[in-house]
Amino acid sequence: MSTTPVSDRPVPRPGVLAIEAYVPGKAQAGGVAKVYKLSANENPLGASPRAREAFHAADALEFYPDGSSTRLREAIGAAYGLDPARLVCGTGSDELITLIAAAYAGPGDEVIYSQYGFLVYRIATLAAGATPVIAAERDLTTDVDAILAAVTAKTRIVFLANPNNPTGTYLPFDEVRRLQRGLPPQVLLVLDAAYAEYVRRNDYESGIELVATTRNVAMLRTFSKIHGLAALRVGWLYGPAEVVDAVNRIRGAFNVNAAAIAAGTAAINDTAHVEAAVAHNDRWLAWVAAELTALGLVVTPSVANFVLVHFPDADGRRAPDADAFLSARGLILRRMDAYGLPGALRLTIGTEEANRLLVAVLAEFLGKKEAGHGA
Ligand SMILES: Cc1ncc(COP(=O)(O)O)c(C=O)c1O
């Protein structure tokens, strides 16, 4: 006889019902002529024209795609000087996060991430049946000492988004290396570098070097941000051969679709488009941060393509008030309640039109005149 508790219906395993399902950024605002979606860190320049062409050409819909994403891995390998055998492509980096959790953690195991770490880490950990362990941050920035202090004999994975979403803050390479050196060798350090291309700091490194020089680090990247291919859901992992092998064993046999393989391959080769997206972000990230600061808002310094903006704790001026005011004018930002930051909104750096409108509307909301700095 089984000792499983009797139930009159199937019951999900422990952890599953503790998951708060991920709520994506809103895409709609009622009653406005034009919507500016600044809620999901998408690319305001869109996809590369070459990627769009490749997407449209990938119309042999009756055939299964190449289950190994070979062309795409070769293109990524050539672009970054990496061995394609050490790469796995996924249905967005989200899928790779889930697969890593499933492959390396289970009931009784612990998975560490930081206080304001990307929400999918929690979902993937609970879905695997493992226990989330949260390391406190300092100044909305990952604290390596807090992570190291949280490590126990049960720790299997540390997820670190660098830069982090939703804070936009980052850890310099020295700190990431200190984290890796402080971890026991059996703990997998996952460096999620979804926003790596945007970072303009000499002391930043996405993770390629650590993966290449250690045995317990994997790096994740995505085509959803700098390449503007969020709709196609494609991301990649660079890791030790053993991690690549484990993920390949449990992933879906055809996890990346043919259009994503074709468009991703074209996108990675369109370096001019990537440079244009980086230049656009450089210019407008600085401008938006300066303008919002001049309006008296507190802006967490960001190295990514979004900023976290903190609103005053005063009647009519709080983050939910600002969110309602902005949405009524077509500007959709991201509420941060799910991250435990109800006083803040996160906004993606948009087109010039969206950025200028955002600042003008926030000036109106706060009853102030715009600073009017040129960009
Ligand atoms: C830190 C971080 N990691 C991973 C992802 C997931 O990206 P993808 O679209 O590749 O699943 C996101 C998306 O917002 C993110 O912010």
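Quantities reported herein were computed from a predicted structural model and do not represent experimental measurements. Numbers given to residues run from 1 along each chain, matching the order in which its sequence is written. Given that the model is predicted, a residue must reach a pLDDT of at least 70 before its local features are reported, and side-chain atom pairs must reach 80 or more before they are shown or counted; all residues, however, enter totals for whole chains, interfaces and linings. Computation of side-chain values: all heavy atoms of the structure, hydrogens and water removed.

(A) Region of the structure containing the overall build of the chain. For the chain, the helix and strand inventory stands at 12 helices and 13 strands. The globule rule is 2.2 Å times the number of residues to the power 0.38, and the radius of gyration it is compared with is taken over C-alpha atoms. Relative to its length of 375 residues, the chain is compact, with a C-alpha radius of gyration of 21 Å against a globular reference of 21 Å. When its C-alpha atoms are laid out on the principal axes, the chain stretches across 70 × 50 × 50 Å. Only protein chains enter the calculation, and the probe is 1.4 Å; a residue is then buried if its accessible area is under 20% of its type maximum, exposed if over 50%, and partly exposed in between. Buried residues in the chain amount to 53% of all 375 residues. Working rule for contacts: check all heavy atoms of both residues, and any pair within 4.5 Å makes them a contact. Sequence separation of at least 24 residues holds for 74% of the intrachain contacts in the chain that already meet a minimum separation of 6. Of the roughly 16,600 Å² that the chain leaves accessible, carbon and sulfur atoms contribute 54%. Considering the chain, the positive charge centre built from 35 side chains and the negative charge centre built from 39 side chains are found 2 Å apart. Note on conventions: DSSP H or I runs of at least 4 residues are helices, E runs of at least 2 residues are strands, and numbering of each starts at the N terminus. Residue-level accessible areas treat just the shown protein chains as cover; the underlying method is Shrake-Rupley with a 1.4 Å probe. The charge count includes Lys and Arg as positive and Asp and Glu as negative, but it does not include His or the ends of the chains. Note that the charge is assigned to NZ on lysines, CZ on arginines, CG on aspartates and CD on glutamates.

(B) Fine view of the environment of T142. Inspection of the secondary structure puts T142 in the loop between β4 (131-135) and α5 (144-150). Assessed through its relative accessible area of 10%, T142 is described here as buried. Separated by 139 residues in the primary sequence, T142 and N281 place their C-alpha atoms 23 Å from one another. Other than its neighbours up to four places away in sequence, T142 contacts S114, E137, I147, L160 and L171.

(C) Structural view of the nonpolar core. Nonpolar cores are built from buried Ala, Val, Leu, Ile, Met, Phe, Trp, Tyr and Cys residues. Side-chain atoms within 4.5 Å join them into one set. I76, L189, F223, L229, W236 and Y238 are the most contacted members of the largest nonpolar core, which totals 52 residues. The element that contributes the greatest number of residues to this core is helix α9 (residues 258-269), accounting for eight residues. Setting aside residues no more than four positions away along its own chain, I76 makes contact with L87, C89, F223, W236 and I268. Counting 33 residues, the second largest nonpolar core, distinct from the first, contains V88, L237, V244 and V247.

(D) The arrangement of the environment of D59 in detail. For D59, the position within the fold is in the loop between α1 (49-57) and α2 (70-80). In the structure, D59 is positioned 101 residues away from L160 in sequence and 37 Å away in space, judged by C-alpha atoms.

(E) Main features of the UniProt feature "modified residue: N6-(pyridoxal phosphate)lysine" (unreviewed entry) in the chain. UniProt positions are given in the numbering used here, feature names are shortened, and annotations may be inferred rather than shown by experiment. UniProt feature "modified residue: N6-(pyridoxal phosphate)lysine" (unreviewed entry): in the numbering of this structure it lies at K225. Mapped onto the elements, K225 comes out in the loop between β7 (217-222) and β8 (235-238). The class of K225 is buried, set by a relative accessible area of 14%. Within the structure, K225 has its side chain in polar contact with the backbone oxygen of A40 (distance 3.2 Å). Here a polar contact is taken to be a pair of N or O atoms separated by no more than 3.5 Å, where protein atoms must pair a possible hydrogen donor with a possible acceptor and residues adjacent in sequence count only if both atoms sit in side chains.

(F) Quick peek at the pairing of strand β2 (residues 87-90). Residues of β2 alternate between two faces, with L87 and C89 on one and V88 and G90 on the opposite face, all of them buried. Pairing of β2 with β8, which is carried by four bridges, proceeds in the antiparallel orientation. Along β8, the bridge assignment pairs V88 with L237. A pair of strands is treated as paired once DSSP finds two or more bridges between them.

(G) The side chain of S114, seen in detail. Along the chain, the position of S114 falls in strand β3 (residues 110-114). Exposure remark for S114: the relative accessible area of 5% places this residue in the buried category. When near neighbours in sequence (up to four residues on either side) are disregarded, S114 contacts I134, A135, E137, T142 and F159.

(H) Structural context of the packing of helix α3 (residues 92-104) against helix α8 (residues 241-250). The N-to-C vectors of α3 and α8 enclose an angle of 100 degrees; their axes lie 9 Å apart at closest approach. As summarised for this structure, α3 and α8 are arranged roughly perpendicular, according to the angle between their axes. Where α3 abuts α8, its residues L96, L99, I100, A102, A103 and Y104 lie against E242, V243, A246, V247 and I250. Residues that form the contact of α3 with α8 fall into these classes: 10 nonpolar, no polar and one charged. Only C-alpha atoms enter the line fits that serve as axes; for helices the fit covers just the stretch in contact. Angles between N-to-C directions range over 0 to 180 degrees. For classification purposes, an angle smaller than 35 degrees is called roughly parallel, one larger than 145 roughly antiparallel, one from 65 to 115 roughly perpendicular, and anything else oblique. By the convention adopted, Pro, Cys, Tyr, Trp, Phe, Met, Ile, Leu, Val and Ala count as nonpolar, Lys, Arg, Asp and Glu as charged, and the other residues, Gly among them, as polar.

(I) Focus on the UniProt feature "domain: Aminotransferase class I/classII large" (unreviewed entry) in the chain. Those residues carrying the UniProt feature "domain: Aminotransferase class I/classII large" (unreviewed entry) are residues 34-360 in this numbering. Across residues 34-360 one finds 39% helix and 17% strand; the C-alpha atoms that close the span lie 16 Å apart.

(J) Main features of the site of the ligand. Around the ligand, the surrounding shell holds 13 residues, and the nearest of these are S93, D192, T222, S224 and R233. A distance of 2.6 Å separates an oxygen atom of the ligand from a polar backbone atom of S93. Here an oxygen atom of the ligand and a side-chain polar atom of N165 are 2.7 Å apart. Out of a free accessible area of 400 Å², the ligand has 94% covered by protein chains. A cutoff of 4 Å decides nearness: a residue is near a molecule or strand if any of its heavy atoms lies inside that distance of it.

(K) A look at the packing of aromatic side chains. Each aromatic pair joins two rings of Phe, Tyr and Trp (for Trp, the six-membered one) with centres within 6.5 Å, and gets the label stacked for planes under 30 degrees apart, edge-to-face for over 60, and tilted for any other angle. Scanning all chains against the criterion turns up 11 aromatic pairs. By way of ring pairs, the aromatic residues Y22, Y113, F118, Y121 and F159 are connected into one cluster. Note on geometry: a ring has a charge over it if NZ (lysine) or CZ (arginine) is within 6 Å of the ring centre and within 35 degrees of the ring normal. Over the face of the ring belonging to F306 we find R346, whose NZ or CZ atom lies 5.7 Å from the ring centre. Of note, R356 hangs over the ring of W287, and the distance from its end group to the ring centre comes to 5.2 Å.

(L) Structural view of the sheet that holds strand β5 (residues 155-161). Spatially, seven strands are ordered β2-β8-β7-β6-β5-β3-β4 in an open sheet, and the strand pairing comes out mixed. On the outer flanks of this sheet lie β2 and β4, each paired with one strand and no other. On average, each strand axis in the sheet is inclined to that of its neighbour by 20 degrees, with strand direction left out of account. As paired strands, β7 and β8 are joined by four bridges and run antiparallel to one another. When the sheet's bridge partners are listed, T222 is paired in β8 with G235. Those strands touched by α8 are β2, β6 (188-192), β7 and β8, and its axis lies near 35 degrees from that of β2.

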